[in-house]
Amino acid sequence: MVPTAHYLVLSAILFAIGVVGVLTRRNVIAMFMCIELMLNAVNLAFLAFSRHLHQLDGQIFVFFVMTVAAAEAAVGLALIVVLSRQKQTMDVDQVNEMKG
Amino acid sequence: MEYVVFYLFAAVSVATAVLVVVQKKAVYSALALIVCFGAMAGLFFQLGSQFIAAIQVIVYAGAIMVLFIFVIMLVDPEAESYPGGSLRHISFWAIPLAVMLVFLLIQAFPDFLGSGAGSRAASAQPEGSVENIARALFTQYVVPFEVTSILILVAILGAIVLAKRSD
């Protein structure tokens, strides 16, 4: 059986890759996909702990995280469609009306 | 054998995750992300959560990524301008900072990194089967489960209202 630590390290690596993507990409869809990647890394940690502690609660948490991620994706992608209609751009640096 | 499977899926998921970040076109990022989710479904299965692995493939790699690709085709994003000028230093520092973040996250769980940190007796482990998940979901977690349906409904309404043409 693969130790829990291996899964946690993998989860940390994937989360960090997602953070790098959100910080460096300027395309709003790509940033959104990196957020999904981070959510999945957290899910992996939840499931690793669920197995380690012999409890089912971690898997229930992952279930709810996935549900919220689906709702978030629907609303976020609708916002992206509105953005493309109004500004004709996907570059988040172009969307700075609320920047002081 | 288990280690071989684990490292195979781990390598695929990390490689495709890097591809998601470095690909310039959003479509290629989305395709890499689908492969990444598939590999992670394999890891979930290996962790004994069959139901979550199936949901991962159906909901994430299926529904959510299809939604992403629909929107990418709908809005047709041009090749993005990679951060230049004042933002370039962020890209430069991102890699060392990410490595530091990995070590920081690993340090958060020192108890699990010692020797023999593997799982204890595997026999007492509750299976992540549909039956067990459903029993927990409809008894102990029935209220959050019902609230989730309201959340989905609100998300549907919000998406429709936002994406509707206002003319």
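Going by the structure above, here's the rest.
Residues numbered from 1 in each chain as written. Chains lettered and ligands numbered in written order. Predicted model: local features only at pLDDT ≥ 70, side-chain atom pairs only at ≥ 80, totals over all residues. Heavy atoms only, no water.

**Digging into the overall build of chain A**
Then, number 1: Summing up its helical and strand segments, chain A has three helices and zero strands in all.
Then, number 2: For chain A, the α and β elements follow one another from N to C terminus as α-α-α.
Then, number 3: By the compact-globule yardstick of 13 Å for 100 residues, chain A is too spread out, its C-alpha radius of gyration being 17 Å.
Then, number 4: Its C-alpha atoms give chain A principal-axis dimensions of roughly 50 × 25 × 25 Å.
Then, number 5: For chain A, with 100 residues in total, the buried portion stands at 66%.
Then, number 6: Across chain A, the fraction of contacts at a sequence separation of at least 24, relative to all contacts at a separation of at least 6, is 57%.
Then, number 7: Accessible area for chain A stands at about 3,600 Å²; split by element, carbon and sulfur atoms hold 68% of it.
Then, number 8: Computing the positive centroid from 6 side-chain charges and the negative centroid from 6, chain A places the two 5 Å apart. (Helix = DSSP H or I, 4+ residues; strand = E, 2+ residues; numbered from the N terminus. Rg over C-alpha atoms; globule rule 2.2 N^0.38 Å. Buried < 20%, exposed > 50% of the residue type's maximum accessible area, 1.4 Å probe, protein only. Contact = heavy atoms within 4.5 Å. Areas by Shrake-Rupley, 256 points an atom, 1.4 Å probe, with all protein chains shown as cover. Lys, Arg positive; Asp, Glu negative; His and termini not counted. Charge placed at Lys NZ, Arg CZ, Asp CG, Glu CD.)

**Some details on the side chain of A:Gln59**
Then, number 1: The residue A:Gln59 is located in helix α3 (residues 57-87) in this model.
Then, number 2: By relative accessible area, which is 3% here, A:Gln59 ends up buried.
Then, number 3: When near neighbours in sequence (up to four residues on either side) are disregarded, A:Gln59 contacts A:Leu47, A:Ser50, B:Gly48, B:Ser49, B:Ile52, B:Gly128 and B:Ile133.

**So, the side chain of B:Gln56**
Then, number 1: Tracing the chain through its elements places B:Gln56 in helix α3 (residues 50-75).
Then, number 2: Discounting residues that sit within four places of it in the chain, B:Gln56 has contacts with A:Asn40, A:Met66, B:Phe37, B:Met40, B:Ala41, B:Phe44 and B:Ala61.

**Considering the interface of chain A and chain B**
Then, number 1: At the interface, 71 residues of chain A touch 85 residues of chain B.
Then, number 2: Both sides of the chain A and chain B interface together cover about 7,000 Å² of buried area, and 77% of this is carbon and sulfur.
Then, number 3: Looking at the side of chain A facing chain B, the largest losses of area belong to A:Arg25, A:Met33 and A:His54, adding up to 10% of the total buried there.
Then, number 4: Between chain A and chain B we count 11 residue pairs in polar contact (both at pLDDT 80 or more) in total.
Then, number 5: When residues of the side of chain A that touches chain B are traced back to their parent elements, those giving at least two are α1 (4-24), α2 (28-52) and α3 of chain A.
Then, number 6: Looking at the side of chain A that touches chain B, the element that brings in the most residues is α3(A), giving 23 residues.
Then, number 7: Residue classes in the side of chain A that touches chain B are distributed as 49 nonpolar, 14 polar and eight charged. (Buried area = accessible area lost by both parts, 1.4 Å probe. Polar contact = N/O pair within 3.5 Å; in protein donor to acceptor, adjacent residues only side chain to side chain. Nonpolar A, V, L, I, M, F, W, Y, C, P; charged D, E, K, R; others polar.)

**Brief notes about the pattern of salt bridges**
Residues and elements named next belong to chain A.
Then, number 1: What the rule picks out here adds up to three salt bridges over all chains.
Then, number 2: A salt bridge links Arg26 to Asp93; the nearest nitrogen and oxygen atoms lie 3.4 Å apart. Of the two residues, Arg26 sits in the loop between α1 and α2 while Asp93 sits in the segment after α3, which places them 67 residues apart along the sequence.
Then, number 3: What makes Arg26 buried here is its relative accessible area of 10%.
Then, number 4: When its relative accessible area of 34% is taken as the criterion, Asp93 is described as partly exposed.
Then, number 5: Put simply, Lys87 and Glu97 hold a salt bridge, and the shortest N to O gap is 2.6 Å. (Salt bridge = Lys/Arg side-chain N within 4 Å of Asp/Glu carboxyl O.)

**Quick word on the packing of aromatic side chains**
Centre-to-centre distance and the angle between the planes together describe a pair of aromatic rings.
Then, number 1: As enumerated under the stated definition, the model contains 10 aromatic pairs over all chains in all.
Then, number 2: Their ring planes at 75° and their centres at 5.2 Å tell us that B:Phe6 and B:Tyr7 sit as a pair that is edge-to-face.
Then, number 3: Of the aromatic side chains, those joined through ring pairs into one cluster are A:Phe63, A:Phe64, B:Phe51, B:Phe138 and B:Phe145. (Phe/Tyr/Trp six-rings, centres within 6.5 Å; stacked < 30°, edge-to-face > 60°.)

**Some points on the nonpolar core**
Then, number 1: Judged by nonpolar contacts, the single largest core of 69 residues is most densely connected at A:Tyr7, A:Ile29, A:Leu44, A:Ile80, B:Phe44, B:Ile52 and B:Phe68.
Then, number 2: Of all the secondary structure elements, the ones that give two or more residues to this core are α1, α2 and α3 of chain A together with α1 (2-22), α2 (26-46), α3, α4 (88-107) and α5 (130-139) of chain B.
Then, number 3: If we ignore the near neighbours within four places in the chain, the residues touching A:Ile80 are A:Val28, A:Ile29, A:Phe32, A:Met90, B:Val71 and B:Val75. (Core = buried A, V, L, I, M, F, W, Y, C linked by side-chain atoms within 4.5 Å.)

Structural measurements only, silent on function.
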